[in-house]
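This is what each chain is made of:
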Amino acid sequence: MDPFDSSESCLVESKNAAENTESRLPWARFSSWLECVCVVTFDLELGQAIELVYPHDVKLTEKEKTSICYLSFPDSYSGCLGDTQFSFRLRQSVGRRGSWFGEEDAYSRDAPVTLQRELAHFYGYVYFRQVKDAAVKRGYFQKSLVLVSRLPYVHLFQSLLQIIAPEYFEKLEPCLEAVCNEIDQWQSPVPGLTLNLPVMGVVMQVRIPSKNDKPGGSPVKQAQKENLLPAPMMLPTIHELDLFKCFQSFLIHLQMLWELMLLGEPVVVMAPSPTVSSETVLALVSSIAPLRYCCDYRPYFTIHDTEFKEYTTRTQAPPNVILGVTNPFFIKTFQSWPHIIRLGELKMSGDLPKQVKVKKLAKLKTLDTKPGIYTAHKTFLQKDKSLIKRLLKGIQRKRPSEVQSAILRRHLLELTQSFIIPLERYLASLMPLQRSVTPWKTPPQIRPFSQEEFMGTLEHAGPRLTSVLKGDWVGLYRKFFRSPNFDGWYRLRHREMTQKLECLHLEVVCDADLLGWTKDKSEVEIVDLVLKLREKLMKAGKQQLPVKEGVLEKLEGYLQTVISSLPEDLQTVLHRY
């Protein structure tokens, strides 16, 4: 795409960019959704082994294949009979050739920070079947169908597996090939668009969230022009989980867990199955949205993981990571970790489920540990008792789980926003004034972030303006400043502010009288102006800066006019450059 081409809207531009890339590369549309599909089976001699990878030309390293094998089967302690679905996340091998998506691709520019494509990890979405089969030596048929992707679309991909996996286990490879070819016909995900995704006679209708969506608001339903037959299966979300189900046994401690996530504390979730483990970890990570969780997290982690030694060493403090585990062996291994959540089976009942207690870490026994939150963490903020009352009322009125989840999500969103808004307000004050941006000087610098200066703003512009919760907000901010989540948030916002300054500078230059400026300047100064402007235009195109419509074309026109005012020999050199 020409960096100077403008379009009527970012949505159209994103769609066109996706379509242009799709027309050039084999399996490009498929690759915009999935990295590959794997089939993992149990071999009596080899143990877990990859039976099939599709498309066949996908290159997974041996390390990645081994990790996928072990992460695609529940461990023997889970006792999963029948069909089981869960998720995992694994680190990509060092030095692996990246996907054809660049960091600055149109999707990343327009998607919310919590739904960005992973550049260093893969997600695995698993459908595992274990049923009795007399024809097999061990007496059981054991196989997993795994979707490997860079996208955190847990609800979409688990829904897709529910359609294709049962059919695959009956018809095997030809069925899988047909499904992959169908996915390769899907339009690439474009934030803000509603897409119809046909597969095996079913049309899934999904909306890809955009960073311009109002947080917590209902996405705008796009009118569908065609009458689809069969009627589409509408997915209300591509990534959200049933928070009420995931958090039901520790609702009264939600405040504490939100703080642990915000601060990027090391947490182990010990669960009875990979399903409970992965859903709980993903729900915890999502609890601080729209803030991005910038630490590592593993929805399902096993002793065979390549990072097992790294994460279980006792010679240093536990890393900033959330691990979801099911093997009781981990109780002994993680005794030195500061926060351990021990869960029982999740059972939705007609009453408030039994709430786990917060216990001292010393009470963590090697065997038969009771459910509970084992931690010494003292919460900075007081509990919100009104939330529990609302949820209890909902249980009494038999309110659907989706509605209870919406209440929880709204509560967590408001809590995170109350915490982030003072930071955003202070950050905005660090931006140079618009009038200080002039065409003939480099854009002014953003003032450095001062923690003490920020703390001074809390008295009159702190979280209490938007939150009724009392407590040690200052202490919470101080600890947050030492976490990877603050570092990730600040880096992202600083980059966005720098780009905004670049845009403002381009717009000011565009409104300036460039030709008038050149009249009393030497050829050296004019050539210097041309080279700097050209560099700015290239940068704006490469980074896809959100400049006002027409600015880049206008500047390109000025550039050509300035070049044409120079002697012919210089014009030739500059056109060649």
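Conventions and cut-offs
- Residues numbered from 1 in each chain as written.
- Predicted model: local features only at pLDDT ≥ 70, side-chain atom pairs only at ≥ 80, totals over all residues.
- Heavy atoms only, no water.
- UniProt positions renumbered as here; feature names shortened; annotations may be inferred.
- Helix = DSSP H or I, 4+ residues; strand = E, 2+ residues; numbered from the N terminus.
- Buried < 20%, exposed > 50% of the residue type's maximum accessible area, 1.4 Å probe, protein only.
- Contact = heavy atoms within 4.5 Å.
- Areas by Shrake-Rupley, 256 points an atom, 1.4 Å probe, with all protein chains shown as cover.
- Polar contact = N/O pair within 3.5 Å; in protein donor to acceptor, adjacent residues only side chain to side chain.
- Pairing = 2+ DSSP bridges.
- Axes fitted to C-alpha atoms, helices over the stretch in contact; angles between N-to-C directions.
- Phe/Tyr/Trp six-rings, centres within 6.5 Å; stacked < 30°, edge-to-face > 60°.
- Lys NZ or Arg CZ within 6 Å of the ring centre and 35° of its normal.
- Patch = residues over 30% accessible without salt bridge, like charges linked within 9 Å, V, L, I, M, F, W, Y side chains within 5 Å.
- Salt bridge = Lys/Arg side-chain N within 4 Å of Asp/Glu carboxyl O.
- Lys, Arg positive; Asp, Glu negative; His and termini not counted.
- Charge placed at Lys NZ, Arg CZ, Asp CG, Glu CD.
- Arc of directions from axis to C-beta.
- pLDDT = per-residue confidence, 0-100.

An unreviewed UniProt entry lists the protein chain under the name UDENN domain-containing protein, with Coregonus suidteri as the source organism. Heading Sequence similarities (unreviewed entry) of the UniProt record for the protein chain holds this comment: "Belongs to the DENND6 family."

Asker: Can you walk me through the overall build of the protein chain in this structure?
Answerer: When helices and strands are counted, the protein chain shows 20 helices and 14 strands. Here the protein chain holds 577 residues, and the buried ones make up 51% of them. Here the contacts in the protein chain between residues at least 6 apart in sequence split such that 74% fall between residues at least 24 apart. As displayed, the protein chain has an accessible area near 28,700 Å², and 53% of this comes from carbon and sulfur atoms.

Asker: I would appreciate a short explanation of the side chain of Ser 418 in the present structure.
Answerer: Positionally, Ser 418 belongs in helix α13 (residues 401-429). A polar side-chain atom of Ser 418 sits 3.0 Å from a polar atom in the side chain of Thr 466. Residue contacts for Ser 418: discarding those within four places in its chain leaves Pro 463, Thr 466, Ser 467 and Tyr 477.

Asker: Which parts of the structure should I look at to understand the sheet that holds strand β5 (residues 140-149)?
Answerer: The strands making up a sheet are joined through hydrogen bonds of the backbone, oriented either antiparallel or parallel. The strand order across the open sheet formed by 5 strands is β2-β1-β5-β4-β3, and the pairing between neighbours is antiparallel. Of all the strands in the sheet, the pair left with one neighbour each is β2 (47-54) and β3 (82-91). Averaged over all pairs of adjacent strands, the angle between their axes in this sheet comes to 25°, without regard to strand direction. Looking at chain direction, strand β4 (residues 121-132) and β5 are connected through 10 bridges and run antiparallel. Bridge pairing links Tyr 127 to Leu 145 in β5.

Asker: Help me out: how do you make sense of the sheet that holds strand β8 (residues 233-234) in this one?
Answerer: On the basis of which strands lie adjacent, the open sheet formed by 3 strands has the order β6-β7-β8 and mixed pairing. Across the chains shown, the open sheet's two edge strands, defined by having one partner strand only, are β6 (194-199) and β8. By the bridge criterion, 6 bridges tie β6 to strand β7 (residues 202-207) in an arrangement that is antiparallel. What sits directly across from Pro 198, in β7, is Val 203.

Asker: Would you take a moment to explain the packing of aromatic side chains for this structure?
Answerer: Each aromatic ring pair is specified by the distance between its two centres and by the angle formed by the two planes. Overall, the coordinates contain 36 aromatic pairs when judged by the stated rule. Centroid distance Trp 33 to Trp 186: 5.4 Å. Interplanar angle 90°. Geometry classified as edge-to-face. Placement of Trp 33 in helix α2 (residues 28-33) and of Trp 186 in the loop between α6 (173-183) and β6 is noted, with a sequence separation of 153 residues between them. Accessibility expressed as a relative area gives 1% for Trp 33, which makes it buried. When its relative accessible area of 1% is taken as the criterion, Trp 186 is described as buried. Arranged with centres 6.0 Å apart and planes meeting at 15°, the rings of Phe 486 and Tyr 490 form a pair that is stacked. Residue Phe 486 and its partner Tyr 490 are located together in helix α16 (residues 484-511), separated by 4 residues, close to a single helical turn. Exposure remark for Phe 486: the relative accessible area of 10% places this residue in the buried category. These aromatic residues form a ring-pair network of at least three members: Trp 258, Phe 419, Tyr 426, Phe 449, Phe 454, Tyr 477, Phe 480, Phe 481, Phe 486, Trp 489 and Tyr 490. Here Arg 89 stacks its cationic end above the ring of Tyr 297, 4.0 Å away from the centre of that ring. Arg 117 extends its terminal NZ or CZ atom over the ring of Tyr 107, reaching a point 4.7 Å from the ring centre.

Asker: It is not clear to me how a positive patch on the surface should be interpreted in this structure. Could you clarify?
Answerer: Taken together, Lys 354, Lys 357, Lys 360, Lys 363, Lys 370 and Lys 378 make up a surface patch of like positive charges. With respect to the helices and strands, the residue Lys 363 is situated in the loop between β13 (358-359) and β14 (372-375). Under the relative-accessibility criterion, Lys 363 is labelled exposed at 54%.

Asker: Looking at this model, I keep getting lost on α6. Mind explaining?
Answerer: For an α-helix the count is 3.6 residues per turn, leaving residues at separations of three or four pointing the same way. Here α6 has its buried residues at Cys 175, Leu 176, Val 179, Cys 180 and Ile 183. Angularly, the buried residues of α6 cover 135° about the axis, an arc narrow enough to put them on a single face. The elements touched by buried residues of α6 are α2, β1 (36-43), β2, β5, α5 (154-171) and β6.

Asker: So what exactly am I meant to see when it comes to the confidence of the model for the protein chain here?
Answerer: Do not read the fine detail of predicted coordinates wherever pLDDT is low. Residues at a pLDDT of 70 or more form 88% of the protein chain, whose mean pLDDT is 85. Of the regions scoring below 50 in pLDDT, residues 1-10 engages in 18 contacts with residues more than four places distant in sequence or in other chains. Confidence drops under pLDDT 50 across residues 99-104; counting only partners more than four residues distant or on other chains, this segment forms 15 contacts.

Asker: Sorry, what's going on with the environment of Pro 319 here?
Answerer: Along the chain, Pro 319 turns up in the loop between α10 (308-312) and β11 (321-325). Exposure remark for Pro 319: the relative accessible area of 24% places this residue in the partly exposed category. C-alpha separation for the pair Pro 319 and Asp 296, spaced 23 residues apart in sequence, amounts to 8.8 Å. Once residues lying within four places of it in the same chain are set aside, the contact partners of Pro 319 are Pro 266, Tyr 311 and Trp 337.

Asker: So what exactly am I meant to see when it comes to the environment of Thr 41 here?
Answerer: Looking at where Thr 41 falls in the secondary structure, it is placed in strand β1. Separated by 88 residues in sequence, Thr 41 and Arg 129 have C-alpha atoms that sit 9.9 Å apart. The residues touching Thr 41, leaving out its near neighbours within four places in the chain, are Gly 47, Gln 48, Ala 49, Glu 51, Phe 73, Gln 142 and Lys 143.

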